[in-house]
Amino acid sequence: MFSMEWSVSQSHQYNECPRSWYLQRRSAEGDRLRVRPVPLKSLIGIAVHKGIAEQIGLWRDGKEVSALGAEEIGLTYISRIWAQKESTITEFVNGVVVENNTRSRMEDAMHQRIATFFNMFWPHLSKYQYVTHETLDSFLIQGVKMWVQVDLATRDSMGGLLVSDWKTGQGHHNEADSHQMVVYALWANKKFEPDPDRIHTQVVNLRTGQVDRRTMNVESLAETEQRLDEEIARVSEAVRGGNFVAIPSLEKCISCGYLSLCNEGSSTVQGSRSQSVNID
Ligand code: SF4
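Calculation rules
- One numbering rule holds for all chains: residues counted from 1, following each sequence as written.
- Local features in this predicted model are restricted to residues whose pLDDT is 70 or higher, and side-chain atom pairs enter the listing and the counts only when it is 80 or higher, whereas totals over whole chains, interfaces and linings include all residues.
- Each nonpolar core consists of buried Ala, Val, Leu, Ile, Met, Phe, Trp, Tyr and Cys residues. Their C-beta atoms, within 7 Å, join them into a set.
- The burial criterion counts other C-beta atoms lying within 10 Å of a residue's C-beta, which is placed from the backbone; the residue is buried at 20 or more, exposed at 12 or fewer, and partly exposed between these limits.
- A run of H or I in DSSP becomes a helix once it reaches four residues, and a run of E becomes a strand once it reaches two; helices and strands are each numbered from the N terminus.
- Where each domain starts and ends follows an automatic or database-derived domain assignment.
- By definition, residue pairs are in contact when their C-beta atoms, positioned from the backbone, come within 7 Å.
- By definition, a residue lies near a molecule or strand when the C-beta atom built from its backbone is within 6 Å of it.
- For two strands to be treated as a pair, DSSP must find no fewer than two bridges joining them.
- Helix axes are fitted only over the stretch in contact, all axes being lines through C-alpha atoms; the angle between N-to-C directions runs from 0 to 180 degrees.

Caption draft 1: Representation of the nonpolar core within the structure. Grouped together as the largest cluster of nonpolar side chains are 41 residues, with contacts concentrated most on V48, V163, Y184, A185 and A188. Going through the elements one at a time, α3 (40-60), α4 (67-83), α7 (102-125), β4 (144-149), β5 (152-155), β6 (161-167), α8 (175-191) and β7 (199-205) are the ones with two or more residues in this core. No other element matches the 8 residues that α8 contributes to this core. Counting only domains with at least three residues in this core, you end up with domain 1 (37-127 + 246-280) and domain 2 (129-244). Contact partners of A188, with chain neighbours within four places excluded, come to A153, L161, V163, E193 and I199. Y22, A246, I254 and L259 belong to the second largest nonpolar core, which has 14 residues in total.

Caption draft 2: Broad picture of the site of the ligand. Around the ligand sit 14 residues in total, of which C17, C253, C256, C262 and G265 are the nearest. If you list the elements that add at least two residues to the shell around the ligand, you get α2 (18-30), α10 (250-254) and α11 (263-269). For the shell around the ligand, the leading source of residues is α2, giving 3 residues.

Caption draft 3: Quick peek at the sheet that holds β5. The strand order across the open sheet formed by 5 strands is β2-β5-β6-β7-β8, and the pairing between neighbours is mixed. On the outer flanks of this sheet lie β2 (129-132) and β8 (211-215), each paired with one strand and no other. Recorded for the sheet is a direction-independent mean angle of 25° between the axes of neighbouring strands. Where β5 meets β6, 4 bridges bridge the pair, whose relative direction is antiparallel. Within β6, the position partnered with T154 by the bridge is L162. Its contacts with the sheet place α8 against β5, β6, β7 and β8, and it is angled at close to 140° to β7.

Caption draft 4: Representation of the sheet that holds strand β1 (residues 5-7) within the structure. The strand order across the open sheet formed by 3 strands is β1-β4-β3, and the pairing between neighbours is mixed. Looking at which strands have only one partner, the edges of the open sheet turn out to be β1 and β3 (136-141). Sheet twist, expressed as the mean angle between neighbouring strand axes with direction ignored, is 35°. Taken together, the 6 bridges between β3 and β4 define a ladder with antiparallel strand orientation. Bridging across to β4, I141 finds its partner in V144. This element, helix α9 (residues 218-241), spans β1, β3 and β4 of the sheet and lies at about 80° to β3.

Caption draft 5: Summary view of unusual backbone geometry. A positive phi angle is found at E134, which is not glycine, with a value near 50°. Considering the arrangement of structural elements, one finds E134 in the loop between β2 and β3. Positive phi, normally seen in glycine, also occurs at Q142, with a value near 55°. Among the secondary structure elements, Q142 is positioned in the loop between β3 and β4.

Caption draft 6: Representation of the domain arrangement of the protein chain within the structure. When the domains of the protein chain are assigned, the result is domain 1 (37-127 + 246-280) and domain 2 (129-244). In this structure, domain 1 and domain 2 have C-alpha centres spaced 23 Å apart. Facing the 16 residues of domain 1 at the interface are 15 residues of domain 2. Going through the elements one at a time, α3 and α7 are the ones with two or more residues in the side of domain 1 that touches domain 2. A total of 9 residues in the side of domain 1 that touches domain 2 trace back to one element, the largest contributor, which is α3.

Caption draft 7: Representation of the environment of R198 within the structure. Note on placement: R198 falls in the loop between α8 and β7. For R198, a count of 19 C-beta atoms within 10 Å gives the class partly exposed. In the structure, R198 is positioned 19 residues away from N217 in sequence and 8.3 Å away in space, judged by C-alpha atoms.

Written as structure tokens, this is what we have:
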């Protein structure tokens, strides 16, 4: 059996389909070096994050930043993945027939998200003081490693800590995003800022231009720590019992990297491999 580690994205995956979480953990444990295929709906987000992260690294080092530079990084990523799509993109691996203009739609969407970032948000954010960005880090909950990777952490002119997260897809800001940001705030509290009242978070939706900004407090951090405690205890129990129910749906299963290992998913997808696939 695998060792228990946790993160907000694992929590999301577990709630969507415990079987897919289990299969991913098992495969990660047995085959750490293998690059897993990426679902189409994640490609735009990865490309945008890579492009922006590279430019923030330049800003940190006192160098010039540009939207064009971010786009080049994103386009290179999409091009590299697309060139070997039969092995790198989950839907192609699963034999799904996607629309001919899928790649150009992804590139257009990436362009729009990056333009929104640099036109609407960067002029403001770049006045702040750099703390860290896109660094994989962890803290302990009940002795279990809780992994986080924040898009950007900065200090404002009053010394407050601002944790920012870019969203690139269709999802509206929701409870899951709020939970994710409080988990990031918990990490920031342990790592950078002992006073919860001086920790702010913002979810920046690069598709719509909307921002959801919040300020933390002792209660919000304590509630989230309690929720993580309970979640980890519940999943640890499932791991001990080896009980991972499959929750199939056509939309989930055609984009699932474990379809070939899952009878329930295979039955759900059977005869439906010609689909309009959601790319964001
Ligand atoms: S194929 Fe569907 S049911 Fe099976 S693990 Fe993946 S998401 Fe879950």
